[in-house]
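Chain residues, written in single-letter form:
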Amino acid sequence: MNIDIPEGKDPIGYVWGELVPGIGPSASAFSLAVYEHTTLGLREFEAARLRIAQINGCLFCLDWRTERDDGQKVEDGFADAVTQWRTTDAFDDRTRLAAEYAERYALDHHGLDGDTGFWTRMTAHYSQREIVELSMSIGSWLAFGRLNHVLGLDAVCVLPPHTV
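What counts, and where the lines are drawn
Residues numbered from 1 in each chain as written. Predicted model: local features only at pLDDT ≥ 70, side-chain atom pairs only at ≥ 80, totals over all residues. Heavy atoms only, no water. Helix = DSSP H or I, 4+ residues; strand = E, 2+ residues; numbered from the N terminus. Buried < 20%, exposed > 50% of the residue type's maximum accessible area, 1.4 Å probe, protein only. Contact = heavy atoms within 4.5 Å. Areas by Shrake-Rupley, 256 points an atom, 1.4 Å probe, with all protein chains shown as cover. Lys, Arg positive; Asp, Glu negative; His and termini not counted. Charge placed at Lys NZ, Arg CZ, Asp CG, Glu CD. Patch = residues over 30% accessible without salt bridge, like charges linked within 9 Å, V, L, I, M, F, W, Y side chains within 5 Å. Salt bridge = Lys/Arg side-chain N within 4 Å of Asp/Glu carboxyl O. Phe/Tyr/Trp six-rings, centres within 6.5 Å; stacked < 30°, edge-to-face > 60°. Axes fitted to C-alpha atoms, helices over the stretch in contact; angles between N-to-C directions. Parallel < 35°, antiparallel > 145°, perpendicular 65-115°, else oblique. Left-handed = near helix turned anticlockwise from the far one by under 90°. Nonpolar A, V, L, I, M, F, W, Y, C, P; charged D, E, K, R; others polar. pLDDT = per-residue confidence, 0-100. Core = buried A, V, L, I, M, F, W, Y, C linked by side-chain atoms within 4.5 Å. Polar contact = N/O pair within 3.5 Å; in protein donor to acceptor, adjacent residues only side chain to side chain.

## As for the overall build of the protein chain
Looking only at helices and strands, one finds nine helices and zero strands in the protein chain. Along the three orthogonal principal directions, the C-alpha set of the protein chain runs to about 50 × 35 × 25 Å. Here the protein chain holds 164 residues, and the buried ones make up 43% of them. Considering only contacts in the protein chain between residues 6 or more positions apart, those separated by 24 or more positions represent 67%. On the protein chain, roughly 8,700 Å² of surface is accessible, and the fraction owed to carbon and sulfur atoms is 54%. Counting 14 positive and 25 negative side-chain charges, the protein chain places the centres of these two groups 4 Å from one another.

Following this line, the structure appears as structure tokens:
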């Protein structure tokens, strides 16, 4: 871990809550809001989230599976399909686009500028509201997954399950 945690303190609670009290709780609230207020389907939500986790290398994020209120989770092997989003036959167009958008957002956001083919496909499958929601979600996962990984928190991160 790259941050010194006082004896007896929970690393996540300390870093996200106590160490930067003017920022951490707000960042945490944003992170949780992505899960609690999403209107996206589970498969496209998880495809984007897992693609960012794979890019970030966040150990906790790679293990995490979003669970909906009805207990629904993505199937075993879904993460492998996300890795192969270009060629897998396990995805519909929305799910494939979510994985593609997450990857491009993280690795080549300038390449999205003016890519009318991509945006034509996105707007054919996602409403404007869904595109903004997906963009904000990806931004949250990108920022906070990287923060946790870079600081070494991802190896000790234990969060209570959240359902959406």
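## Quick look at a nonpolar patch on the surface
On the surface, Leu19, Val20 and Ile23 cluster together into a nonpolar patch covering about 260 Å² of accessible area. Of note, Ile23 is situated in the loop between helix 1 (11–19) and helix 2 (24–36).

## Looking at the packing of aromatic side chains
Applying the stated rule across the entire model yields twelve aromatic pairs. An aromatic cluster of three or more residues is present, and its members are Tyr35, Phe45, Phe60, Trp64 and Trp141.

## What about the environment of Lys73?
Positionally, Lys73 belongs in the loop between helix 4 (59–63) and helix 5 (78–83). A residue is classified by how much of its surface remains accessible, and Lys73, at 44% relative accessible area, is partly exposed. In the structure, Lys73 is positioned 27 residues away from Glu46 in sequence and 9.1 Å away in space, judged by C-alpha atoms.

## Observations concerning the packing of helix 3 (residues 42–56) against helix 6 (residues 93–107)
The geometry of helix 3 relative to helix 6 is characterised by a closest axis approach of 8 Å and an angle of 30° between their N-to-C directions. Classified by the interaxial angle, the pair formed by helix 3 and helix 6 is roughly parallel. For the crossing formed where helix 3 meets helix 6, the hand is right-handed. Residues Arg43, Glu44, Ala47, Ala48, Arg51, Ile52 and Ile55 of helix 3 lie in contact with helix 6, whose contacting residues are Arg94, Thr95, Ala98, Ala99, Ala102, Glu103, Ala106 and Leu107. Along the lines of polarity and charge, the residues of the contact of helix 3 with helix 6 split into nine nonpolar, one polar and five charged.

## With respect to the packing of helix 6 against helix 8 (residues 116–125)
Interhelical geometry of helix 6 versus helix 8 gives an angle of 135° and a closest axis separation of 10 Å. One way to sum up the angle between helix 6 and helix 8 is to call them oblique. Crossing of helix 6 against helix 8: the hand is left-handed. Packed against helix 6, whose contacting residues are Asp93, Arg94, Leu97, Glu100, Tyr101 and Arg104, the element helix 8 presents Phe118, Trp119, Arg121, Met122 and His125 at the interface. Split by residue class, the contact of helix 6 with helix 8 holds five nonpolar, one polar and five charged.

## Regarding the confidence of the model for the protein chain
When pLDDT is low, close inspection of the predicted coordinates is not appropriate. The predicted model of the protein chain averages 92 in pLDDT, with 96% of residues at 70 or higher. Here helix 4 stands out as the least confident element of the protein chain, with mean pLDDT 89; helix 6 is the most confident, with 98.

## Regarding the nonpolar core
Judged by nonpolar contacts, the single largest core of 44 residues is most densely connected at Met122, Tyr126, Leu134, Ile138 and Trp141. Secondary structure elements with two or more residues in this core: helix 1, helix 2, helix 3, helix 4, helix 5, helix 6, helix 8 and helix 9 (128–150). No other element matches helix 3, which puts seven residues into this core. Dropping the residues within four chain positions of it, Ile138 is found in contact with Ala48, Ile52, Tyr101, Ala102 and Tyr105.

## Observations regarding the side chain of Glu133
Mapping Glu133 onto the fold places it in helix 9. Notably, Glu133 is buried but unbridged: the nearest opposite-charge side chain belongs to Arg129, and the N-O separation is 4.8 Å. Reaching out from Glu133, the side chain makes a polar contact with the side chain of Thr39 at a distance of 2.6 Å. Those residues within four positions of Glu133 in sequence are excluded, and the remaining contacts are His37, Thr38, Thr39 and Leu40.

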